[in-house]
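Structure at a glance
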Amino acid sequence: MTERKVLIVYAHQEPKSLNGSLKTIAVEELSELYHPEQFNYGVEAWEACKNGSLSEDLIKEQRKVKEADLVIFQFPLYWFSMPAIMKGWMDRVLVQGFAHDFPQCYDSGLLKNKLALLSFTTGGGKEMYSDEGVSGDIRYLLWPMQHGIMHFCGFSVLAPQICFAPEYATEEERVQMLVSWGERLKTIWEEKPINCAVDGYFK
Ligand SMILES: Cc1cc2nc3c(=O)[nH]c(=O)nc-3n(C[C@H](O)[C@H](O)[C@H](O)COP(=O)(O)OP(=O)(O)OC[C@H]3O[C@@H](n4cnc5c(N)ncnc54)[C@H](O)[C@@H]3O)c2cc1C
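Residues numbered from 1 in each chain as written. Predicted model: local features only at pLDDT ≥ 70, side-chain atom pairs only at ≥ 80, totals over all residues. Heavy atoms only, no water.

What about the packing of helix H3 (residues 56-67) against helix H4 (residues 84-93)?
Look at H3 against H4: their axes get within 10 Å of each other, and the N-to-C directions meet at 90°. Taken together, the axis directions place H3 and H4 in an arrangement best described as roughly perpendicular. Across the interface between the two elements, Asp57, Leu58, Glu61, Gln62 and Val65 from H3 touch Trp89, Arg92 and Val93 from H4. (Axes fitted to C-alpha atoms, helices over the stretch in contact; angles between N-to-C directions. Helix = DSSP H or I, 4+ residues; strand = E, 2+ residues; numbered from the N terminus. Parallel < 35°, antiparallel > 145°, perpendicular 65-115°, else oblique. Contact = heavy atoms within 4.5 Å.)

Here it is, written out as structure tokens:
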């Protein structure tokens with residue numbers, strides 16, 4: 001049977017309305033008949049990357065990554081992670097075929113020979129993010145970002161720059177946070193990456 005496409009333009013606020021039920025029946029009935037392919041974001045992005053049909057804004061971002069020796073991610077900590085908008089950037093820019101492939105991941109990830117650094121601020125104080133602190137060791141929440149994203153894509157990861165609780169700091173302490181970041185950046189190219197491998201990270 002030849003595959004045919006059906007577009008259902010559906011407009012009703014309430015899924016439990018009769019319109020909603022009619023639409024559901026149409027979707028179920030027609031899907032069964034024609035077995036439409038399922039959308040798979042990862043595969044679609046990979047294909048688009050391979051055939052050069054990613055959208056122009058993503059190609060532009062990828063070009064910037066390609067040209068960089070060091071990528072600094074600067075963000076406030078949201079829910080033990082990066083803000084959703086930055087995570088969205090990762091989902092869209094660091095796609096398979098550009099940042100990683102199989103088996104080209106971790107030490108052989110496609111962005112190897114580049115450095116990455118997470119620079120972020122927190123709401124909680126440093127003592128909260130210690131082993132005995134209520135939030136636990138900060139390295140636990142860094143693991144998905146540093147290992148699961150950066151290292152997975154091949155980046156060598158530099159030690160994170162963390163400004164704990166700037167909102168509760170004095171003006172003097174905040175100025176010091178800025179000064180020490182500036183100082184660190186002067187010699188950033190001399191720094192050695194941290195060990196992000198499974199067997200070394202939590203040691
Ligand atoms: C959705 C959400 C989730 C969150 N989840 C977490 C979480 O899981 N864990 C956690 O710890 N925190 C969490 N937070 C808190 C968040 O991480 C902090 O609010 C954030 O990191 C503070 O950084 P900021 O840049 O926004 O601070 P700001 O409030 O912008 O800055 C702090 C102070 O610094 C001052 N300042 C700015 N520039 C200078 C300068 N040049 N010199 C001197 N002072 C300056 C500002 O005027 C301000 O008074 C969350 C917040 C939100 C909204």
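A word on the site of the ligand
Lining the immediate surroundings of the ligand are 15 residues, of which Leu77, Trp79, Phe80, Thr121 and Tyr129 lie closest. Threonine 121 places a side-chain nitrogen or oxygen 2.6 Å from an oxygen atom of the ligand. The side chain of arginine 174 places a nitrogen or oxygen atom 3.2 Å from an oxygen atom of the ligand. Protein contact buries 55% of the 990 Å² of open area that the ligand shows by itself. Among the elements that line the shell around the ligand, the one with the most residues is helix H6 (residues 171-186), at 3 residues. (Near = heavy atom within 4 Å. Polar contact = N/O pair within 3.5 Å; in protein donor to acceptor, adjacent residues only side chain to side chain. Areas by Shrake-Rupley, 256 points an atom, 1.4 Å probe, with all protein chains shown as cover.)

Overview of the state of the cysteines
All chains considered together, the criterion is met by 0 disulfides. Here cysteine 105 stays unpaired: no disulfide links it, and the sulfur of cysteine 153, its closest cysteine neighbor, is 9.3 Å away. You can call cysteine 105 buried: its relative accessible area is 15%. (Disulfide = S-S within 2.5 Å. Buried < 20%, exposed > 50% of the residue type's maximum accessible area, 1.4 Å probe, protein only.)

Looking at the packing of aromatic side chains
According to the stated counting rule, one finds 6 aromatic pairs in the structure shown. Taken together, the aromatic side chains of Phe80, Tyr129 and Phe164 make up a single cluster linked through ring pairs. Against the face of tryptophan 46 rests lysine 50, its NZ or CZ located 4.0 Å from the ring centre. (Phe/Tyr/Trp six-rings, centres within 6.5 Å; stacked < 30°, edge-to-face > 60°. Lys NZ or Arg CZ within 6 Å of the ring centre and 35° of its normal.)

What to know about the environment of valine 198
Along the chain, valine 198 falls in helix H7 (residues 198-201). Of the residues examined, valine 198 reaches a relative accessible area of 61% and is grouped as exposed. Valine 198 sits 112 residues away from methionine 86 along the chain, and the two C-alpha atoms are 25 Å apart.

Quick notes on the nonpolar core
Of all hydrophobic cores here, the largest spans 36 residues; its most connected members are Phe73 and Leu94. A per-element tally of this core places helix H5 (residues 138-151) first, with 6 residues. In this structure phenylalanine 73 touches Met86, Trp89, Met90, Ala116, Leu117, Leu118, Ser119 and Met150, once residues within four positions along its chain are discounted. Formed by 6 residues, the second largest nonpolar core is a distinct cluster that contains Leu70, Leu158, Trp181 and Ile188. (Core = buried A, V, L, I, M, F, W, Y, C linked by side-chain atoms within 4.5 Å.)

Points about the side chain of serine 17
For serine 17, the position within the fold is in the segment before helix H1 (18-34). Aside from chain neighbours lying at most four places away, what touches serine 17 is Tyr10 and His12.

Here we look at unusual backbone geometry
Cis geometry marks the peptide bond from phenylalanine 102 to proline 103, where omega comes out at 10°. Looking at the element boundaries, proline 103 is found in the loop between H4 and strand S2 (115-121). Of note, the phi angle at alanine 165 is positive, near 50°, even though the residue is not glycine. With respect to the helices, strands and loops of the structure, alanine 165 is situated in the loop between strand S4 (161-163) and H6.

Some remarks on a nonpolar patch on the surface
Taken together, Ile8, Tyr10 and Val27 make up a surface patch of nonpolar side chains, about 220 Å² in accessible area. You can see valine 27 is positioned in helix H1. For valine 27, a relative accessible area of 37% gives the class partly exposed. (Patch = residues over 30% accessible without salt bridge, like charges linked within 9 Å, V, L, I, M, F, W, Y side chains within 5 Å. Salt bridge = Lys/Arg side-chain N within 4 Å of Asp/Glu carboxyl O.)

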